[in-house]
Amino acid sequence: MSLFTMKRGWPRNQHLLLVAGLTSLLFVADVTTPLNINSLQLSYLVLVVALLSAVTYLCRALFAQHRAAYTGTVLVLAVLLSLVEFLFIYRGGWHTQSINYVNRESANTVIEFQMKDVGAFGYQKRTVEKLKLLPGISWMKETDPEKVDTLLWQPVNIDVNELGLIYP
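Below is a short write-up of the structure.

Considering the pattern of salt bridges
Considering all chains together, one arrives at one salt bridge under this definition. Salt-bridge contacts for Glu 112 lead to Lys 130; the nearest nitrogen and oxygen are separated by 3.4 Å. Within this pair, whereas Glu 112 is found in strand E3 (residues 109–117), its partner Lys 130 is found in strand E4 (residues 123–134), the two being separated by 18 residues in sequence. Grouping residues by exposure puts Glu 112 and Lys 130 together as buried.

So, in structure tokens, the structure goes:
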């Protein structure tokens, strides 16, 4: 009997497989394409959901009679992933410091100045063109702030300061 034709518990497993597949696809798209999940925490949550649903699916399929064993495995994995998120990811990622331009034709497209705290090495800086697709999900590409066409872009200079830096 294969993993995909099991009769016992199949509808629940089918939903787990679908969740694992969709969240894995979203995470891979975030890493490999200009599609960007704006929050590092949200991106990590997508990864955790993908991993937990895949592990739960495999444990249910392989150890259907030992519910306590796979429940314990999933709980231990969830705790470990939460510790990793708290220790290494909570403050990371790019933060918007200012919105410099808004597209004259589409208010969903902006040019932002972003910074990333790299600890003792200071800050990385970049300017990106950001198209907001959904709340928390955008299509981003780096752009040169010196080559902005002011016929297409309206200067706005909105200070966002997501890093909470204090300027003199």
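On we go from here.
A few points about the pairing of E4
Two strands pair when backbone bridges link them, and E3 and E4 are joined in this way by nine bridges, in the antiparallel orientation. Note on E4: the bridge partner recorded for Glu 112 is Val 128. Pairing of E4 with strand E5 (residues 137–142) involves six bridges; the strand directions are antiparallel. Directly across from Lys 130, in E5, lies its bridge partner Met 140. Between E4 and E5, which follow one another and run antiparallel, lie two residues, and Gly 136 among them has a positive phi close to 90 degrees.

Details of unusual backbone geometry
Comment: phi is negative for the bulk of residues other than glycine, and the bulk of peptide bonds are trans. We note that Asn 157 has phi near 50 degrees; this positive angle belongs to a residue other than glycine. Note that Asn 157 resides in strand E6 (residues 153–159). Take Asn 157: its relative accessible area is 59%, and that puts it in the exposed class. One non-glycine residue, Asn 161, lies in positive phi territory at about 55 degrees.

How each quantity is defined
- Residues numbered from 1 in each chain as written.
- Predicted model: local features only at pLDDT ≥ 70, side-chain atom pairs only at ≥ 80, totals over all residues.
- Heavy atoms only, no water.
- Salt bridge = Lys/Arg side-chain N within 4 Å of Asp/Glu carboxyl O.
- Helix = DSSP H or I, 4+ residues; strand = E, 2+ residues; numbered from the N terminus.
- Buried < 20%, exposed > 50% of the residue type's maximum accessible area, 1.4 Å probe, protein only.
- Pairing = 2+ DSSP bridges.

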